[in-house]
Amino acid sequence: MTTATTGRTALRGVVGTAHTRVEGRDKVTGAARYAGEIPFADLAHGWLVLSTVTRGRIRSLDTEAVLALPGVLAVLHHGNAPRVDTEYVGLLGIPPDPTAAVFQHDRVPHAGWPVALVVAETPEQAREAAEALVVTYDEEPHRTVLTTGHPDAHPAGGVMPGETAKGDLAAGLAASAVVVDEEYTTPEEHHSMMEPHAATALWDGGRLEVVDSNQGTTWIQSELAQMFSLDASAVRVRSEHIGGGFGSKGLRAHQVAAVMAATELQRPVRVVMTRRQMFSLAGYRSPTLQHVRLGADADGRLRALEHRSLNQTSTVYEFVEPSAGVARVMYDAEAHHTANEVVPLDVPSPTFMRAPGEAPGSFAVESALDELAERCGIDPVELRLRNEPEVGPVSGLPFSSRNLDVCFREGARRFGWAERDPRPGRRREGRWLLGTGTAAASFHAGAGPSTAVVTAQADGGFTVRIAAADIGTGARTALTLVAADALEVAPDRVRVRIGDSDFGPAMIAGGSMGTRSWAWAIREAARELRERLALGTPIPPEGITVRSDTTEALGALAQKERHSFGAQFAEVAVDPATGEVRVRRMLGIFAAGRIVNPLTARNQLVGGMVWGISMALHEEVVRDRTSGALYAPDLAGYHVATNADVGDIQADWVDDPDPDDPVGIKGVGEIGVVGAAAAVANAVWHATGVRHRSLPIRPDRILSAGVPASEGGPHA
């Protein structure tokens, strides 16, 4: 046995310094294996068959002919699949989407509903057989169009109250010197991460194992255990590397189908979604119709604020895109009313997508604030600073920290905002009209209970085990730095293992809460271990292990408004003859807690801002009203920003550690996309003098709106 040393002479204070990803070499050399690449002996392959009608019932499936095809092992459908339980509340406090509970009935509630799984020896055989399966339907009329004033619209809560209200809205608007009363719309948007959804299920010694690409192994373990009526200890879920998730990689149809098939065949079965299937089964951001009314004094101070947001949901599962939550954090008024509403339609279920609620909600609110600034004749930055609330506008709680004013002042200085001519359509550069815009950003900074295990090894190294998920954010590296600081050792003495439900319960990678939650748990375990080692405790061959659980610590936190904040600035060039919009430069300054790893944090913030450009100018899917299905549900038809669309983008931050977090973390995963689309849209107005209240701002919309002759020249 050896006596431990805490390595106090080693490198210290690594949190806050830039470090390349600890798994970076594995990723660029191909050594990192993703869920669809890991080999298994005797592996069979499943291929999902999706409905070709939008609403109706399955009359028959011609399985006999398909079972006779080469290599086909089974066809699962509503007539022979195992029954599963969906009457439970999941780990996140919400019931499961019944779309994941595949093959339980003959009803078809939307286009692309899973109706069967064909399992074969090879993926090619499974695909050919799936495409050969003849399914006959009794088709019914469908409704797939989201409209204002829909008779089935109703307030819905989801992750927050459906409605909030204080003060007399009508009186506040009537007493206002300036009123903005406008509707803003955002389209259906999809996650479109690089790695498709993939899962392999197998039974090993009476225990179910699932190798998956997900955002939380203990989350998926809990869902599968409850759905299949198993003890949680009888299910193990592993997810070592994830090629993007953005809110989409929770419990989906492919995991459940793989478990069913593995149970039926008693051999490993892998199910991978195609890109087209992801557009039906992986969730998406619902389109929104948002009505914003602002009333202000002549000096721009708000008297009345109303923000109502309507989104679509499926008929089998109610999901709320909480866009009206933005106003509940950002701006106050004596009369302050907000509401999130939903309409059930014959469409797939929406789900969480990067900055759910905040991304579309900030477009509406920050566009309306820009319109208010224009009508008041006040600089848009100054208007926002004048309306900074002292406490939460709805909750009345104090902010843990805010620093949005610091972000705006620093951003305006670095962007050169003071040189801006406020009049629209005044700057030209050849054929281009130039304009600048700004917007505020916020995103909730929370934490979820987590456990972590830290082991001091006899060779002087340390192993951290936590059921975290690195969905591309650099979480492994950040947690390595946090552990190294807590243990007071160099990072190369720390090995962080993640993505295994056997490591114990932990928060998912979602809501910008992952790193904060996991770091808290790791720090607590490491602190206790360091104290034990400081006593000179000898390390046996198996090491010394300490486990932490942050449930009690989080429960003791004082109630506060906890958020990351930011100020977005954009400069665009618009060609009025072609309708082309180019984002030449963007700057985001954020107050997002203590930054653990500046290298990967900046990557996250810039990535979010690029997504904001994509949201502003490119992303939308269109649903065929006749068929109820999507036009071109693939990456040829769904346009996203590429390198050619991205100019000079810079992201930075101000000092903003959270005093109530042991590491000072808030979160950077989602704040970068919030407000970015509004900043671009506001810049387009400044360039052209025309306000665009519907995203994306396509060339045809630029052309149809034209450019006022008194501003940028003759109409295009």
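This text follows the structure it describes.
Right, let's walk through the structure included here. Along each chain, the written sequence defines residue order, and numbers are assigned to residues from 1. Where local features are concerned, this predicted model is filtered to residues with pLDDT of at least 70; where side-chain atom pairs are given and counted, the filter is 80 or more; whole-chain, interface and lining totals use all residues. The side-chain numbers reported here are obtained from all heavy atoms of the structure, hydrogens and water having been left aside.

### Examining the pattern of salt bridges
Point 1. Definition used for salt bridges: Asp or Glu carboxyl oxygen within 4 Å of a side-chain nitrogen of Lys or Arg. All told, the structure shown has 59 salt bridges when counted by the stated rule.
Point 2. Between Glu-488 and Arg-530 there is a salt bridge whose closest N-O contact spans 3.8 Å. Taken together, the residues span a long stretch of sequence, with Glu-488 in the loop between helix 12 (475-487) and strand 22 (494-497) and Arg-530 in helix 13 (residues 514-534) at a distance of 42 residues.
Point 3. The class for Arg-530 is buried, based on a relative accessible area of 19%.
Point 4. Between Asp-645 and Arg-582 there is a salt bridge whose closest N-O contact spans 3.6 Å. Here the residue Asp-645 occupies a position in the loop between helix 15 (598-617) and strand 27 (648-653), and Arg-582 occupies one in strand 26 (residues 581-591), the gap between them amounting to 63 residues.
Point 5. Classification of residues uses two cut-offs on accessible area relative to the type maximum, computed with a 1.4 Å probe and protein chains only: under 20% is buried, over 50% is exposed, and between them is partly exposed. Looking at Arg-582, the relative accessible area reads 31%, which means it is partly exposed.
Point 6. What emerges from the salt-bridge pattern is a single network uniting Arg-207, Glu-209, Arg-236, Arg-238, Asp-500 and Asp-502. Working definition: helices are DSSP H or I runs of at least four residues, strands are E runs of at least two. Numbering for both runs from the N terminus.

### Looking at the sheet that holds strand 19 (residues 432-444)
Across a sheet, strands are paired by hydrogen bonds formed along the backbone, either parallel or antiparallel in direction.
Point 1. At least two bridges found by DSSP between two strands are what make those strands a pair. Within the open sheet, the 5 strands sit side by side as 18-19-25-26-27. Their pairing is mixed. One side of each edge strand has no neighbouring strand; the edge strands of this open sheet are strand 18 (427-429) and strand 27. Averaged over neighbouring strand pairs, the angle between their axes works out to 25° when direction is ignored.
Point 2. As defined by bridge partners, strand 18 adjoins strand 19 across 3 bridges and the pair is classed as antiparallel. Bridge assignment links Arg-428 to a residue of strand 19, and that residue is Leu-433.
Point 3. We call two residues in contact when some of their heavy atoms are within 4.5 Å. Fitting a line to C-alpha atoms yields each axis, with helices limited to the stretch in contact; the angle taken between N-to-C directions then spans 0 to 180 degrees. Where helix 16 (residues 676-688) meets the sheet, it contacts strand 19, strand 25 (563-574) and strand 26, and its direction lies at approximately 155° from that of strand 19.

### Focus on the pairing of strand 27
Point 1. One ladder, built from 6 bridges, connects strand 26 with strand 27; its direction is parallel. If you follow Met-586 over to strand 27, its bridge partner there is Ile-649.

Geometric descriptors of this kind do not, in isolation, establish any biological role.
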